[in-house]
Amino acid sequence: MTPPGPPEPPGPFGTPIRRTAAAALAVLAVLVTALLGDSLAQSGTGELEIPAAGSITVLRLLVVTALAVQIGELAGVRLAGDGPLPRRWSLTAAATGFVASAGLLVLLSALSGLRLGTVYGLREGRLILITANAFVLAALCAATTRHRELAALPLAVAVGAEALRAHPEAYSPVFGVSLTVIHLTAASLWFGTLLYVLRVMRLRGGGRGRGVLLRYARMAGWLFAALVVTGTCSTLRRLPLDGVLTTAYGRVLLVKLALFVLAALLALTARRRLTRGADAQPPARVELGVLAVVLLVSALLTVVPDPHWLLP
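Report follows, based on the coordinates. Note that this is a predicted model, so its numbers are computed, not measured. (Residues numbered from 1 in each chain as written. Predicted model: local features only at pLDDT ≥ 70, side-chain atom pairs only at ≥ 80, totals over all residues. Heavy atoms only, no water.)

A word on the overall build of the protein
This is how the line gets drawn: The numbering of helices and of strands both runs from the N terminus, where a helix is a DSSP run of H or I of at least 4 residues and a strand a run of E of at least 2. Partly exposed residues are those whose accessible area sits between 20% and 50% of the maximum for their type, while under 20% is buried and over 50% is exposed, using a 1.4 Å probe and protein chains only. Only heavy atoms matter for contacts: two residues are in contact if any of them lie within 4.5 Å across the pair. Here the accessible surface of atoms and residues is derived via Shrake-Rupley with a 1.4 Å probe, and residues count as covered only by protein chains that are part of the display.
Counting its regular elements, the protein contains 10 helices and 0 strands. With 312 residues in all, the protein has 44% of them scored as buried. Taking contacts inside the protein between residues at least 6 apart in sequence as the whole, the part at least 24 apart equals 73%. Accessible area for the protein stands at about 16200 Å²; split by element, carbon and sulfur atoms hold 70% of it.

Laid out in structure tokens, this is it:
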């Protein structure tokens, strides 16, 4: 009988090499999808590609993720109640969001051929600048111990700026912006709060953290309803039925819808396990991974042409 080999050496930060390799592959897959996703979605549609679409997708993904982590952490602390709490990521997330927003400003300047001072005068530039400043204020709040919850105010401003940026159209802009504000807030709470709750459960152990996940599951039901209503309304007003398969926007939206359904099924599985007293963490972790991909696809939607201007 062959004796067992030596134990697997730890990778960076004390994690096993296989986990490090899996994380590296996941990051690589995200980058490849972000950089090539728009080209694949527009294959055969005849639509003009947006310059630097891959770079914009990566930066938008960082902005949306930074918002989700901070908003979810604010909600997760309230759900966690008494007991030990994991280390806060809000300061790091705010810094990441600021750097990504600054990158979008620099990229906009490079693509337009205008100086940064001139870019600030553009509608797109002003909104990105507002988002960047909002992340700075959120970072200042996160750096304190008494005023961390005040970060909700600049984060709300950032969400509003992102909603305005996503709806530059002249037709019913107030309705479109309102839908996006609700949709982005609900999506951030779903992903960000689940991330924080799973970290709490890992710190406290499955038994002590079960109540936290149960409280989150109750909130997630309302978030799901808000996402369904706002997502349906936004789709009906922006995407004609004959453009579902013939436009890049429609194709990416179909992928997002499939992932959304999968995340919902995983959430129901986790909730069913909770009610039966079983371990709900495995499906919840997979749900979190699917939601991360949803954020990536959502960022990809911002760099494909708006079908409203392409179809009658």
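Now that the structure has been shown, we can carry on.
Description of the packing of aromatic side chains
Pairs of aromatic rings are described using the distance from one ring centre to the other and the angle between the two planes. Heads up, the condition is: Pairing of aromatic rings covers Phe, Tyr and Trp, the last through its six-membered ring, and needs centres within 6.5 Å; plane angles under 30 degrees mean stacked, over 60 mean edge-to-face, and all others mean tilted.
This structure, assessed with the given rule, holds 3 aromatic pairs. Note on Trp190 and Phe260: the rings are 5.6 Å apart at their centroids and 85 degrees apart in plane angle, and the pair reads as edge-to-face. Placement of the pair is Trp190 in helix H7 (residues 173–204) and Phe260 in helix H9 (residues 248–275), with a sequence separation of 70 residues. Under the relative-accessibility criterion, Trp190 is labelled buried at 4%.

Brief notes about a nonpolar patch on the surface
Applicable threshold: What makes a patch is a set of residues exposed beyond 30% relative accessible area and free of salt bridges, joined within 9 Å when like-charged and within 5 Å when nonpolar (Val, Leu, Ile, Met, Phe, Trp, Tyr). Counted as salt bridges are all cases of a side-chain nitrogen of Lys or Arg within 4 Å of a carboxyl oxygen of Asp or Glu.
Together, Leu25, Val27, Leu28, Leu31, Val32, Leu35, Leu36 and Leu40 make up an exposed nonpolar region whose accessible area comes to about 760 Å². Looking at the secondary structure, you find Leu31 in helix H1 (residues 17–41).

A short note on the environment of Ala278
Along the chain, Ala278 falls in the loop between H9 and helix H10 (281–301). Here Ala278 falls in the partly exposed class, since its relative accessible area comes to 39%. Placed 68 residues apart in sequence, Ala278 and Arg210 show a C-alpha to C-alpha distance of 9.8 Å.

Observations regarding the pattern of salt bridges
Tallied over the entire structure, the rule returns 5 salt bridges. Glu73 serves as the salt-bridge partner of Arg88, at 3.7 Å between the closest nitrogen and oxygen. Taken together, the positions of Arg88 in the loop between helix H2 (53–80) and helix H3 (90–112) and Glu73 in helix H2 put the pair 15 residues apart, joining distant regions of the chain. Glu73 gets classed as buried once you look at its relative accessible area, which sits at 3%. Arg78 serves as the salt-bridge partner of Glu149, at 3.4 Å between the closest nitrogen and oxygen. Residue Glu149 is found in the loop between helix H5 (123–142) and helix H6 (152–166), and its partner Arg78 is found in helix H2; the two are separated by 71 residues along the sequence. Judged by its relative accessible area of 52%, Glu149 is exposed. Judged by relative accessible area, Arg78 falls into the exposed class, the value being 63%. Overlapping salt bridges, with partners in common, bring together Arg60, Glu124, Glu162 and Arg165 in one network.

A look at the environment of Leu105
Looking at the secondary structure, you find Leu105 in helix H3. Given a relative accessible area of 6%, Leu105 falls into the buried group. Residues Leu105 and Arg126 lie 21 residues apart in sequence; the distance between their C-alpha atoms is 9.3 Å. The residues contacting Leu105, other than those within four sequence positions of it, are Leu116, Val119, Tyr120, Gly125, Ile128 and Leu129.

Side note on the packing of H2 against H5
Quick note on the threshold: Angles run from 0 to 180 degrees between N-to-C directions of axes, and those axes are lines fitted to C-alpha atoms, restricted for helices to the stretch in contact. Whether a crossing is left-handed or right-handed is set by the direction in which the near helix is turned from the far one by less than a right angle, anticlockwise for left-handed and clockwise for right-handed. Polar here means any residue other than Ala, Val, Leu, Ile, Met, Phe, Trp, Tyr, Cys and Pro, which are nonpolar, and Asp, Glu, Lys and Arg, which are charged; Gly is therefore polar.
At a closest axis distance of 12 Å, the pairing of H2 and H5 adopts a crossing angle of 35 degrees. Once H2 is placed against H5, the crossing between them reads as left-handed. Between H2 and H5, the residues in contact are Arg60, Val63, Ala66, Leu67 and Gln70 and Glu124, Ile128, Thr131, Phe135 and Ala138, respectively. Tallied by class, residues from the contact of H2 with H5 come to 6 nonpolar, 2 polar and 2 charged.

Let's talk about the side chain of Arg199
Our working rule: Positive charges come from Lys and Arg alone, negative charges from Asp and Glu alone, with His and the N- and C-terminal ends not counted.
With respect to the helices and strands, the residue Arg199 is situated in helix H7. Nearest to the buried, unbridged Arg199 among oppositely charged side chains is Glu73, at 4.4 Å.

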